[in-house]
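Here are the chains, one letter per residue:
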Amino acid sequence: MVSTNNIKRLCLVALILLAAIGCVPHYSFNGASIDYTKTKTITIVDFPIRSSYVWGPMASIFNNRLKDQFADHTRLSQVKRNGDLKIEGEITRYEQRNKSVSSEGYSAMTELSMTVNVRFTNNVDHKQDFEQQFSANASYETTQSLNSVQEELVTQMVKDIVDQIFNATVANW
């Protein structure tokens, strides 16, 4: 038989747990700090390539990743025009250069770099509008051909740049 004291203790523990659960603050771990009562939509315009050196799939990889980032990490509805937030710009630089030289005097590492110019418009609070460039680099050994590593490196750089854009536009770190 269960004693009255044990029932009282059990009820007290249950009340303490319920109170503690109710007092736990809720955090968003996706990094977005958006007031969804005011900001509901976003327009993301496709970024064209304006670089003299071009790799064809780069624009679609970038544009898809940027749109997916906002779809996956915010509750904003993506609209074709007149969004509460607007992101537009262009891929302005895509180039490779020698990064290091071997003891024989040949290139040992090559660095690939990508720069994107972004214009951000916040139609809810224009004080947050900006135009800024975001860049990323990735290196590969010169013994590898660019064709064999290009997709992987571009995907890596795009992820880095998209994270930078996301943080600058809606994360407010």
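Residues numbered from 1 in each chain as written. Predicted model: local features only at pLDDT ≥ 70, side-chain atom pairs only at ≥ 80, totals over all residues. Heavy atoms only, no water.

Q: What is the right way to read the pattern of salt bridges from this model?
A: Side-chain pairs of opposite charge can arise where the charged atoms are in close proximity. By the definition in use, this model includes seven salt bridges. The partner of Glu 90 in a salt bridge is Arg 119, and the shortest N-O contact between them spans 3.0 Å. In this pair, Glu 90 sits in strand 3 (residues 85-101) while Arg 119 sits in strand 4 (residues 107-122), placing the two residues 29 residues apart along the sequence. With its nearest N and O atoms 2.9 Å apart, the salt bridge here joins Lys 159 to Asp 163. (Salt bridge = Lys/Arg side-chain N within 4 Å of Asp/Glu carboxyl O. Helix = DSSP H or I, 4+ residues; strand = E, 2+ residues; numbered from the N terminus.)

Q: It is not clear to me how the environment of Val 162 should be interpreted in this structure. Could you clarify?
A: As for its position among the elements, Val 162 is in helix 3 (residues 146-171). Each C-alpha atom, one on Val 162 and one on Lys 67, is 9.3 Å from the other, the two residues being 95 residues apart in sequence. In contact with Val 162, not counting residues within four places along its chain, are Phe 62, Arg 65, Leu 66 and Gln 69. (Contact = heavy atoms within 4.5 Å.)

Q: Would you mind showing me how to read the side chain of Gln 69 here?
A: Position of Gln 69 relative to the elements: it lies in helix 2 (residues 58-73). Reaching out from Gln 69, the side chain makes a polar contact with the side chain of Asp 163 at a distance of 3.4 Å. Not counting chain neighbours up to four residues away, the residues in contact with Gln 69 comprise Val 162, Asp 163 and Phe 166. (Polar contact = N/O pair within 3.5 Å; in protein donor to acceptor, adjacent residues only side chain to side chain.)

Limitation: the analysis is restricted to geometry and does not speak to function.
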